[in-house]
Amino acid sequence: IGNPVVGCGGSTLLGYIGIDTIIEQMRKKTMKTGFEFNIMVVGHSGLGKSTLVNTLFKSQVSRKSAGWARDEKIPKTVEIKSVSHVIEEGGVKMKLTVVDTPGFGDQINNDNCWEPISKYINEQFEKFLKEEVNITRKKRIPDTRVHCCIYFISPTGHTLRQLDMEFMKRLSHSVNIIPVIAKADTMTIEERQEFKQRVRKELEMSGIEFYPQKEFDDDMEDKSDNDKIRETMPFAVVGSDKEYQVNNKRVLGRKTAWGIVEVENPNHCEFAQLRDFLIRSHLQDLKEVTHNIHYETYRAKRLNDNGGLHPISTNGTHDSNL
Amino acid sequence: IFCLLEYCTGYVGFANLPNQVYRKSVKRGFEFTLMVVGESGLGKSTLINSLFLTDLYSKDYPGPSQRIKKTVQVEQSKVLIKEGGVQLTLTIVDTPGFGDAVDNSNCWQPVINYIDSKCEDFLNAESRVNRRSMPDNRVHCCLYFIAPSGHGLKPLDIEFMKRLHDKVNVIPLIAKADTLTPEECQLFKKQIMKEIQEHKIKIYEFPDTEDDEDNKLIRKIKEKMPLAVVGSNVVIEVNGKKVRGRQYPWGVAEVENGEHCDFTVLRNMLIRTHMQDLKDVTNNVHYENYRSKKLAAVTCNGVDTTKTKGQLTKSPLAQMEEERREHVMKMKKMEAEMEQVFEMKVKEKKQKLKDSEAELERRHEQMKRNLEAQYKDLEEKRRVFEDEKNNWEAQQRILEQQKLDASKSVNKSVSQYLAF
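Residues numbered from 1 in each chain as written. Chains lettered and ligands numbered in written order. Predicted model: local features only at pLDDT ≥ 70, side-chain atom pairs only at ≥ 80, totals over all residues. Heavy atoms only, no water.

(A) Here's a closer look at the sheet that holds strand β8 (residues 241–248) of chain B. Residue and element names in this part refer to chain B. Strand order in this open sheet of 3 strands is β7-β8-β9, and the pairing throughout is antiparallel. Only two strands of the sheet have a single neighbouring strand rather than two, namely β7 (235–238) and β9 (251–254). Ignoring strand direction, the axes of neighbouring strands in this sheet form an average angle of 70 degrees. (Pairing = 2+ DSSP bridges. Helix = DSSP H or I, 4+ residues; strand = E, 2+ residues; numbered from the N terminus. Axes fitted to C-alpha atoms, helices over the stretch in contact; angles between N-to-C directions.)

(B) Structural view of the packing of helix α3 (residues 109–127) of chain B against helix α4 (residues 155–164) of chain B. Residues and elements named next belong to chain B. Contact pair α3 / α4: the axes reach a minimum separation of 11 Å and the direction vectors enclose 20 degrees. One element, α3, and the other, α4, form an angle in the roughly parallel class. Considering how the two elements wind past one another, α3 and α4 form a crossing that is right-handed. Here V111, I112 and I115 of α3 come into contact with α4, specifically with F160, R163 and L164. (Parallel < 35°, antiparallel > 145°, perpendicular 65-115°, else oblique. Left-handed = near helix turned anticlockwise from the far one by under 90°. Contact = heavy atoms within 4.5 Å.)

(C) Representation of the packing of aromatic side chains within the structure. Tallied over the entire structure, the rule returns 13 aromatic pairs over all chains. Their ring planes at 35 degrees and their centres at 5.4 Å tell us that F125 of chain A and Y298 of chain A sit as a pair that is tilted. Taken together, the residues F125 of chain A in helix α3 (residues 115–133) and Y298 of chain A in helix α8 (residues 283–305) connect sequence positions 173 residues apart. Assessed through its relative accessible area of 1%, F125 of chain A is described here as buried. Accessibility expressed as a relative area gives 14% for Y298 of chain A, which makes it buried. Centre to centre, the rings of F98 of chain B and F160 of chain B are 5.1 Å apart; their planes meet at 75 degrees, and the pair counts as edge-to-face. On the criterion of sequence distance, the pair formed by F98 of chain B in the loop between β3 (86–94) and α3 and F160 of chain B in helix α4 is long-range, its members being 62 residues apart. In this structure, F98 of chain B and F160 of chain B share a single accessibility class: buried. Positioned above the aromatic ring of F128 of chain A, the side-chain terminus of R145 of chain A is 3.7 Å from the ring centre. (Phe/Tyr/Trp six-rings, centres within 6.5 Å; stacked < 30°, edge-to-face > 60°. Buried < 20%, exposed > 50% of the residue type's maximum accessible area, 1.4 Å probe, protein only. Lys NZ or Arg CZ within 6 Å of the ring centre and 35° of its normal.)

Shape descriptors only; they carry no functional weight alone.
Right, here's the structure in full:
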């Protein structure tokens, strides 16, 4: 209050108007409506996907929350199972949907095991498109589109596997892919660095663009931030939902005979970095890229291919879901 | 009928027999073939290096990152290890590419083919008349590496083991066991053994001995199956002691520490106690299975549909005749080959000589021409010189004449003057 506000065109405003309270109004509104976030985890079984998701959101949100023991057999084809929870923090409500893909990469013959996943992603886009195209639209279109796909890379220490490359090549244009190195406590620090470098080189050589994609950097600030992140990706993570006492602190970790692996210790693994990146800084951006780019690509393709959908209004602003 | 065990009343001396056997075997040396199977990145090469304390797979060995194999290969490497006067010819059979493709159907076929071919070689060698040297290249033990998912066996693991448990001693191992906490490891092992029993997979079983002490040890080993191993040859210092292990920010996983992993159990079992038994089981069980199957197929049909060189339905004399004929043919072939090679070499040499002759000719020609050219040149020069000389002489004569004329005219004018 009292700061001379300079308006557009260089004219100084004569008093305080209160335009900057709009941020506060938006905040209040979004807190009331809440957020939706859909995350998909892909990787063959035994890589700790469910554990990682539970660790990320500090609650039992994944399908396997009832203990690790696997009573179900490996399914013969890839299944898509989604589980939704509403979690709350600091007055902000989030409807989190975790989409799991059991059976991916587990068979002897894994040809086309990415197809059910691709189909699911496109189905969500289709649902959204249909709602958008309706004459009488809902006030808030439910957003089931996959905002982020975490792909788990097996920590072999050598290179990416054939299946990894195939999957990422085919899906990096329909969904934001964040590759992570699973069970990173398998590798020593040097092995980890070498592995990461090799993986990054392979991804670059095959032209696979993972999130954050270089082409969508808005300005120099974004670019430099994202460049730093891209240099450390893929994040080498360890997940755990058990707590142990280390130096009079309770930490999440894994207890082995030779020491305790602390999940949130940046010297041990990069889980904290992944969490900050995913949730604390880029959550909104993930949704925006999904909506503005992946969804729009799908929409354009659909409308060009199939003239069956009737023409829609050219109203380009959609902020009802963000 | 039963035999009475009698104790000899005097010393006969056959108690020394084990020593004789021992000395003979040491002189002969031992052979052992070990096969490692598993997806790439499970630490197979590192484990082999750790087991035998060598660098069979050095840092320069092209790891899977450099190999772009589309199909499963079977590669063997031999190394000679000597320890305390005992010599071991160790053959390691590796299977790069196993389980790495997107479609892994039948990726076990090359492995099965390899094992069968080694058994066939042995069968042929055994059926020969001349059996002086019979190298035993059969696969004595197959270490199968299971990825440490913590859940259970994968369909590929089950398929592979089901197909190979009748052909070779299969020992399943949990690779990179430092991924699992002790509790996870226990549960994982139980789950694997349960699935192995469910699918009726026959993994290598330790034989019971008469010794109670040994039996206790064996039972302990059986409880730990499948063995969870960690490999490393990097030496790290822990509490003042030098140990082999893997250094993490949260501690050092020691390879030879029984509480960290089962590496010592595997090593002792494989090398120190059960190596001979593995060979015996391969010989007495797996090889015999193969042999009876193979021969039953031959005799059933009556016609030899297989390509075995040793046909056991013939008498030894016929066999000898056959071998002699073979040998003669081989000799003839070698002779023919050598002749061919010789002829080729002669031709080559002749051609070379011709070429060098032609070359010499050419050079000779060239030199001759050069000489002629020089000669002509010289001739030309001489001609020019001659011309010049003649010119000069002519000029001199003219000058002389002029002089003479001049002096004559002077004389004339003087004499005229004097006449006045």
